[in-house]
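Residues per chain are reported as follows:
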Amino acid sequence: MEQAIGVIDSGVGGLTVVHELMRQLPKEPLIYVGDTARCPYGPRTEEEVKQYTWEMVRFLLKKNIKMLVIACNTATAFTIKDLKEKLDIPVIGVIKPGARAAIKSTENNHVGIIGTEGTIRSGAYRHALRKIKPDIEVISLACPSLAPMVEKGILDGPEARQVVETALTPLLEHDAMDTLILGCTHYPLLKKTIQEVMGEKITVISSSEETARETSTTLDIHQNFNYNDSIPPHQFYTTGDLEKFIEITQKIFRDSNFEMLTIKHADLT
Ligand code: DGL
């Protein structure tokens, strides 16, 4: 069997990265784990996030993955250093790609970031942005209400609008900001509403496109593309409610030709 790329998230958010990986790398088999049962990771301690992330990673290592994509900003913020040091397969997170995409987009050097409490508290985005561009202005805001709403499958409509509006209000006073990073992989599922609330002059970016590009480059460097014509089915695992997971997955992939082939409960602990 061809080796797959492993992708992890606290829940359904990482599927936004999967969507882009499928678009840019259609021949690569993927194995996804969403730790829906313990989502959200945002309010959890660094220790908890590390432990849960390692459980998902060990599960994927048993499946002989050739590369790991941490499709969760919170897990990236707290574990990427450790994972890169300890694993002998390439590891890609979403924060550096998100920072690069924002730097590419901003015209006036004022970038906003929204993410979970954990991601914002870690300062990982500020660090990643300033490492590339030391004088960049960074405005950060934790939005703890958004990921749990997405996990419930509320992606648009009046409730989504109201929750997003309340969460983003503190950002509206920052007139200079021209770019907003969706620093949580759940947020691209609310992108339309976020864009409406922020207004047209703000460029709203997610890191998924840049993350998929980095994945592709890394496969190239390691000469590890799947050259076979037969692609094994993608596998999607959830630790939580299977019905709910399928329902949200179908919403995310509704405009594409990708078929959800296997969805199982994972037993991580
Ligand atoms: N999707 C995750 C992220 O990118 C977090 C959501 C959560 O579990 O709080 O940070």
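Let me begin by describing the structure that accompanies this report. (Residues numbered from 1 in each chain as written. Predicted model: local features only at pLDDT ≥ 70, side-chain atom pairs only at ≥ 80, totals over all residues. Heavy atoms only, no water.)

### A short note on the overall build of the protein chain
Here is the rule: Only DSSP runs of H or I with at least four residues qualify as helices, and only runs of E with at least two residues qualify as strands; both kinds are numbered from the N terminus onward. Throughout, the radius of gyration refers to the C-alpha atoms, and the reference size of a globule is 2.2 Å times the residue count to the power 0.38. Exposure is judged per residue with a 1.4 Å probe applied to protein chains only, and the accessible area is read against the type maximum: over 50% gives exposed, under 20% gives buried, and values in between give partly exposed. Here a residue-residue contact requires only that any non-hydrogen atoms of the pair lie within 4.5 Å.
If you tally the helices and strands in the protein chain, you get eleven helices and ten strands. The C-alpha radius of gyration of the protein chain comes to 17 Å, within 12% of the 18 Å expected for a compact globule of 269 residues. Across its three principal axes, the protein chain shows a C-alpha extent of roughly 55 × 40 × 35 Å. Counting every position in the protein chain, which comprises 269 residues, the buried fraction comes to 55%. Considering only intrachain contacts with a sequence separation of at least 6, the fraction spanning at least 24 residues in the protein chain is 78%.

### Let's talk about the nonpolar core
Our working rule: Side-chain atoms within 4.5 Å link the members of a nonpolar core, which is a set of buried Ala, Val, Leu, Ile, Met, Phe, Trp, Tyr and Cys residues.
In terms of nonpolar packing, the biggest core is built from 50 residues, with Val-7, Leu-15, Val-18, Ile-114, Leu-168, Leu-171 and Ile-194 touching the most fellow members. Take this core: its biggest share by element is five residues, from helix H1 (residues 15-24). Grouped together as the second largest cluster of nonpolar side chains are 24 residues, Ile-8, Val-57, Leu-68 and Leu-83 included.

### Overview of the site of the ligand
Note the cut-off: Here a residue is considered near a molecule or strand provided that any single heavy atom belonging to it is located within 4 Å of it. Residues adjacent in sequence count toward polar contacts only when both atoms are side-chain atoms; beyond that, a polar contact is any pair of N or O atoms within 3.5 Å, and within protein one must be able to donate a hydrogen and the other to accept it. Following the grouping adopted for this structure description, the nonpolar residues are Ala, Val, Leu, Ile, Met, Phe, Trp, Tyr, Cys and Pro, the charged ones are Asp, Glu, Lys and Arg, and the polar ones are all others, Gly among them.
Around the ligand, a shell composed of 14 residues is seen, among which Ser-10, Tyr-41, Asn-73, Thr-74 and His-186 lie nearest. Asn-73 places a polar main-chain atom, nitrogen or oxygen, 2.8 Å from an oxygen atom of the ligand. Grouping the constituent residues of the shell around the ligand by class yields six nonpolar, seven polar and one charged.

### So, the pattern of salt bridges
As a reminder of what qualifies: Salt bridges are defined as contacts in which a side-chain nitrogen from Lys or Arg sits within 4 Å of a carboxyl oxygen from Asp or Glu.
Tallied over the full model, the rule gives 18 salt bridges. One salt bridge connects Lys-66 with Glu-28, and the closest N-O pair in it is separated by 2.6 Å. One end of the pair, Lys-66, is in the loop between helix H2 (46-61) and strand E3 (67-70); the other, Glu-28, is in the loop between H1 and strand E2 (30-34), with 38 residues separating them in the sequence. Of the two residues examined, Lys-66 and Glu-28, each falls in the buried class. Ionic contacts of the salt-bridge type, sharing partners, join the residues Arg-100, Lys-104, Glu-209, Glu-210, Arg-213 and Glu-214 into one network.

### What to know about H2
Our working definition: Multiply 1.5 Å by the residue count of a helix minus one, and that product is the helix's expected span.
Across its 16 residues, H2 extends 22 Å between first and last C-alpha, which sits within 8% of the 22 Å expected from 1.5 Å per residue. Restricting attention to buried positions, one finds in H2 the residues Val-49, Tyr-52, Thr-53, Trp-54, Glu-55, Met-56, Val-57, Phe-59 and Leu-60.

### Focus: the sheet that holds strand E6 (residues 137-142)
Sheets are built from strands paired through backbone hydrogen bonds, the pairs being either parallel or antiparallel. Our working definition: A strand pair is defined by DSSP finding two or more bridges across the two strands. Only the stretch in contact is used when a helix axis is fitted, and all axes are lines through C-alpha atoms; the angle between N-to-C directions ranges over 0 to 180 degrees.
With parallel pairing, the four strands of this open sheet are ordered in space as E6-E5-E7-E8. What marks the edges here is a single partner per strand, and that holds for E6 and strand E8 (203-206). Strand-to-strand twist across the sheet, computed as the mean angle between neighbouring axes with direction ignored, equals 25 degrees. Where strand E7 (residues 179-182) meets E8, four bridges bridge the pair, whose relative direction is parallel. Pairing of Leu-182 across the sheet is with Ser-206, part of E8. Across the sheet, helix H9 (residues 191-198) touches strand E5 (110-115), E7 and E8, and the angle it forms with E7 is around 155 degrees.

### Notes on the environment of Val-18
Within the secondary structure, Val-18 sits in helix H1. With 43 residues separating them along the chain, Val-18 and Leu-61 place their C-alpha atoms 18 Å apart. Those residues in contact with Val-18 that lie beyond four places of it in its chain are Val-7, Leu-30, Tyr-32, Phe-236 and Phe-253.

### A few points about the side chain of Thr-79
Along the chain, the position of Thr-79 falls in helix H3 (residues 73-86). Judged by its relative accessible area of 0%, Thr-79 is buried. Beyond its immediate sequence surroundings of up to four residues, Thr-79 is in contact with Val-49, Lys-50, Thr-53 and Ile-70.

### Here we look at the packing of helix H8 (residues 158-168) against H9
Stated formally: Roughly parallel here means an angle under 35 degrees, roughly antiparallel means over 145, roughly perpendicular means 65 to 115, and every remaining angle is called oblique. The crossing is said to be left-handed when, going from far helix to near helix, the turn is anticlockwise and less than a right angle, and right-handed when the turn is clockwise.
Axis separation between H8 and H9 bottoms out at 10 Å; the angle between their running directions is 50 degrees. Between H8 and H9, the angle falls in the class oblique. You can see that H8 and H9 cross each other, and the crossing is right-handed. Residues Ala-160, Arg-161, Val-164, Glu-165 and Leu-168 of H8 pack against Thr-193, Ile-194, Glu-196, Val-197 and Met-198 of H9.

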